[in-house]
Every structure is written in C-alpha cells, then in structure tokens.
Amino acid sequence: MKIVKIYIRELGAVRDSEVEVKPLMIFSGESGLGKSYVAILVHYLYKLLTESRLQRFFDSKGWSYDTLASTSPDTGAFSVSVDELLLWINNDASQYMRDAVGNPELHVDISFEVPISQVSYKFTYRTVLYGVEGKEMRSVVFELDNTYNIRIDETAKSMGSLPWSLLLQSSLSRAIFDSEDIEQTFCMVPGRGALLNLSLTAQDRLKASKDIYSEFLSDWSVVRGMQPFGERDEELVSRLYDINGGKIEIDDDDKVIYRLASGEPFPINAAASSIKELAPLYMLLDKYPANRLSILFEEPEAHLHPQKQVDIADFVVRAVNKGSHIQITTHSDYFVRRLNDRIFLHMIRDLDSVEYGLTLERYGYSDLSVDASLIGAYLLRRETDGSVKVFPQQLDKGIPYESFYDVIEKEARHSLDIQQSYYKLKSRHAE
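Attention here is on the structure that accompanies the text. (Residues numbered from 1 in each chain as written. Predicted model: local features only at pLDDT ≥ 70, side-chain atom pairs only at ≥ 80, totals over all residues. Heavy atoms only, no water.)

A count of helices and strands for the protein chain gives 14 helices and 16 strands. Across its three principal directions, the C-alpha atoms of the protein chain cover 105 × 55 × 50 Å. The 431 residues of the protein chain split such that 48% are buried. Pairs at least 24 apart in sequence give 66% of the contacts found in the protein chain among residues at least 6 apart. A total accessible area of about 21000 Å² is found for the protein chain, and carbon and sulfur atoms account for 49% of it. Side chains of the protein chain give 48 positive and 65 negative charges; the mean places of these two sets differ by 2 Å. (Helix = DSSP H or I, 4+ residues; strand = E, 2+ residues; numbered from the N terminus. Buried < 20%, exposed > 50% of the residue type's maximum accessible area, 1.4 Å probe, protein only. Contact = heavy atoms within 4.5 Å. Areas by Shrake-Rupley, 256 points an atom, 1.4 Å probe, with all protein chains shown as cover. Lys, Arg positive; Asp, Glu negative; His and termini not counted. Charge placed at Lys NZ, Arg CZ, Asp CG, Glu CD.)

See the structure below:
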C-alpha cells in the first residue's frame, strides 16, 4: 500500500494531527476524545473508492455524459486537474464527517495527501459501431488517460457521471493499493447489537437520517438481502462460528436467526449481546470475500468475555493477513495485548524461525503473526489547553497501551492496599 496521509487541523476537539493510512488502524485513548471521529475519517477514504460519492464531483462540474452527449454525441473529452479533485475530496470528507456524527456545525479542517504523480486526468468518450446478428449496434467507450476504459451499450438509459466515477475509482485504487481489490466497505458502529433489536419500521426511520448509525443500518440491510458474492473465506467464517458458538443466518420467513452448534435456532433478538455484536460481521463474511473488504470495526471487544476478546484479536490478525483492511477503536487491554503478542511473534520469526516454533509451543499459541508495517496505531490524548492530539505509536515495542496501564496499575495498587487494610483490621480484632 502506498502512503496516504490525512492532515487534521481541526476535527471536533482533535487538532494539529496527522494520520497515515495502513491496512489495520488501531485508535485508543480515553472515552470522549474523538477516536470514532478519526476512525470514521479513515473509513471515508474507502467509501470514496468503493461507492458512488465521486459521481457528485463530476456532477458538480457539469460533466454528466448525458449533458456532454447532448451537444457532442459521437465523441468528446475533458480534463480534471488533480488539485481541483483533491480540493473537492477534502470538502466532501468534511461534509461526510458532519453527516456521520449528526452535527452540521462540526468544525472540520482536514486534507488528504494521496500518491498521485500526474497533474491532471483526461477523460474521453467515443461511439463505436458493431454488428450483432446482422444488426448495426452502437456502444460508447469511456476512457481515462488512454489506460482505463469501459464500454457501455448506447441503449442503456441515462449513464450520468457513473462511467467517469468508475474509471477514476479504478485509477485511484491502483495508485493507493497497487490493485483494485478493495471493492466493498462496511461499518460496524458501537452498540450495533442493540440496533438489531429494532423493528424494521424503526430501522427504516433511522435510515432516513444521514449519520453513521443510518449507514450501518443501510449496510446491514444490504448484507441481509445480498446473495453470496465470490468465494467466502472459510477459515474466517469458521473462527467467528467458534467465537459465537453458532452461526447467523436468514430463515424462510426472512428473519435473522442465531443457530446453535446443536442446530437449535433462536431469533437474533433472543441471542446474547456478544452474539448480536458480531452477527453483522458473520453474515458479511459468510457472503463476501474477506480480501475485498474494508471494515470500520468499532469496539470489537464489546460485550465479550476476555478470552473472546483475545480470540477476536486473533481473528482481526487473520483477516488483515488475508487482505482485509480494518479500522478499529478499542478500550480493551486484552485486545491490544494480544495484537502485541502477534506483532512480537512476527519479529521473532524474522530473526529465528526455530525460536519462533519453540515460542509457539511454549505458550500454546497458533502459528499466527502480523507484520507491524501493516499497522497504524494511534493514541488520542487531551492536551493542557483542552484540545486533543493524535499521537502515532512506534511499533518496534508493540502497541503501547499506556492509557490502559495507568488505570490498571492504580487500581491494582488500591485493591492491594484495601485488602491489606482489611487483613490488618481482622488480625487486630482477632486479638
């Protein structure tokens, strides 16, 4: 993956920070500092490259194919400067953030640095003739920089700016990822399990808004109704099955159910909170190839026993190693510690494969590790002036969990002091 940076001059309370996008993004820190804001901002990049937002750019410039073809039906061309595209992306990302957090007054001043070497793009179209069963047919060839092209039958109804959007997405994806593999993005918001309890009518009402919860419910509706697409990753689905102790599926009445390993079905509303929290992810991976997905995965540890928090950390490592891109916010030291284990195991493996095998055997670990170069870890911390800054974490020593450690150390010390006070009192009274 090439270097993509996001400069945050202002995003709510977050000020003067810089984030470099990696396949696995980890945001930690105390509650209320803006972890979700920054994670959602990274998530925007994937939405831009997989959904229809770029059509708005071309529409805003009057470059709909239908408009162009009305004056020049057979051939035409126009150019887009990279500077005007990036300016539009910055503005669109700012508006997306206001919509996502449900605050039209949110102060947003951000900019994206994308690895584009050229100064402009040239888009062209031309009509070509071909014969089918003795009939002369017409199609339109859309092209970007004489490199990317698509061909659409002219009988298709209004094409608008869709052809240009698809071509530009393809070019940007290759510039950023060296491929076009990431083609679907999905968001898993905090408290998602509770949203599954809502009636379909209530869900439809929420979807009418523009915030991130509306986006989740829209994504959830798509996943519920979609047919399996491509080859699912059996190992990842199996891991989620083990964590949940069963599978998530749609029954004959189009209702979501949780089916125990024994085969007994339950309505999803009757399932444990931990199962509901992971149900959307299970259904997504049951229907879509993991290596084509970007997932905003907030608080993956929610409602999970510590052992399952460890298991979901291993699941995330497997998913990233298989090509998924994931953005995570977390409050779990169990989750972060396990990721650290997998980072250090990778370092050990690189230094000494024999010692790596012995280490796995010593601790009963599976053969699983992750390259730290795939991870961007960031700690959000409040400054003395009340603003928040995002600090990049150096991974040669693992993902620091200082925001957890201070609390753990203090609470452990207090617990020990209280216990000692009790035993002293007990001993004194016994005398």
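Among the five residues of strand β14 (residues 325-329), five are classified as buried, and the element is accordingly described as predominantly covered. The two faces of β14 match: His325, Gln327 and Thr329 on one face and Ile326 and Ile328 on the other face are all buried. Judged from the four bridges that link them, strand β3 (residues 24-29) and β14 form a sheet pairing that is parallel. Residue Met25 lies in a different strand from β14, and its bridge partner there is Gln327. Where strand β13 (residues 293-298) and β14 come together, five bridges link them in parallel fashion. When the sheet's bridge partners are listed, Leu296 is paired in β14 with Gln327. (Pairing = 2+ DSSP bridges.)

Looking at the secondary structure, you find Lys47 in helix α1 (residues 35-50). For Lys47, a relative accessible area of 6% corresponds to the buried category. There is a polar contact of 3.4 Å between the side chain of Lys47 and the side chain of Glu215. Leaving out residues up to four positions away in the same chain, Lys47 has contacts with Tyr96, Thr185 and Glu215. (Polar contact = N/O pair within 3.5 Å; in protein donor to acceptor, adjacent residues only side chain to side chain.)

This part is about the pattern of salt bridges. Two side chains bearing opposite charge may form a pair once their charged atoms approach each other closely. In the structure shown here, the tally under the stated rule is 25 salt bridges. Across the pair Arg232 and Asp286 runs a salt bridge whose closest N-O atoms are separated by 1.8 Å. One end of the pair, Arg232, is in the loop between α8 (212-225) and α9 (234-244); the other, Asp286, is in helix α10 (residues 273-287), with 54 residues separating them in the sequence. Relative accessible area serves as the criterion here: at 26%, Arg232 is assigned to the partly exposed category. Lys322 is the salt-bridge partner of Asp233, the closest N and O atoms lying 3.3 Å from each other. Note that Asp233 is positioned in the loop between α8 and α9 and Lys322 in the loop between α11 (306-321) and β14, a separation of 89 residues in sequence. By relative accessible area, Asp233 is classed as buried at 18%. (Salt bridge = Lys/Arg side-chain N within 4 Å of Asp/Glu carboxyl O.)

Once that is clear, we can look at unusual backbone geometry. You will see that Asp16, though not glycine, has its phi angle at about 45°, which is positive. Residue position: Asp16 is located in strand β2 (residues 14-20). The exposure class assigned to Asp16 is exposed, which follows from its relative accessible area of 56%.

The next subject is the sheet that holds strand β10 (residues 246-250). Backbone hydrogen bonds hold the strands of a sheet together, and the pairing may be parallel or antiparallel. Strand order across the open sheet formed by three strands is β10-β11-β12, with antiparallel pairing between neighbours. For this open sheet the edge positions go to β10 and β12 (265-267), each flanked by a neighbour on one side alone. Each neighbouring strand pair of the sheet contributes to a mean axis angle of 30°, computed without reference to strand direction. Along the sheet, α9 makes contact with β10 and β11 (256-260), crossing β10 at roughly 110°. Contacting β10 and β11, α10 runs over the sheet at an angle of about 65° to β10. (Axes fitted to C-alpha atoms, helices over the stretch in contact; angles between N-to-C directions.)

A few words on the pairing of strand β15 (residues 375-382). Taking burial as the measure, the eight residues of β15 include six buried ones, the bulk of the element. Two elements, β3 and β15, share six bridges in a ladder whose sense is parallel. Looking across to β15, one finds that Met25 is bridged to Gly376. In this sheet, strand β16 (residues 388-392) lies alongside β15 in antiparallel orientation, the contact comprising five bridges.

Turning our eyes to something else, we now look at helix α13 (residues 353-363). Along α13, the positions that sit buried rather than exposed are Tyr356, Thr359 and Leu360. Take α13 and look down its axis: the buried residues cluster within an arc of 100°, on one side only. Along α13, exposed side chains directed more than 90 degrees from the buried face belong to Val354 and Glu361. The secondary structure elements touched by the buried residues of α13 are α12 (333-351). Backbone geometry just after α13 places Gly364 at a positive phi near 65°. (Arc of directions from axis to C-beta.)

Before going further, it helps to spend a moment on the environment of Glu20. Position of Glu20 among the secondary structure elements: in strand β2. The exposure class assigned to Glu20 is partly exposed, which follows from its relative accessible area of 23%. C-alpha of Glu20 to C-alpha of Gly376: the two residues are 356 residues apart in sequence and 7.0 Å apart in space.

A complete count under the given rule lists 21 aromatic pairs for this structure. One aromatic cluster in this structure is built from Phe57, Phe58, Trp63, Tyr65, Phe78, Trp88, Tyr121, Phe123, Tyr125, Phe142 and Trp164. Stacked on the ring of Tyr365, the Lys or Arg Arg342 has its end atom at 4.9 Å from the ring centre. Positioned above the aromatic ring of Phe391, the side-chain terminus of Arg381 is 4.4 Å from the ring centre. (Phe/Tyr/Trp six-rings, centres within 6.5 Å; stacked < 30°, edge-to-face > 60°. Lys NZ or Arg CZ within 6 Å of the ring centre and 35° of its normal.)

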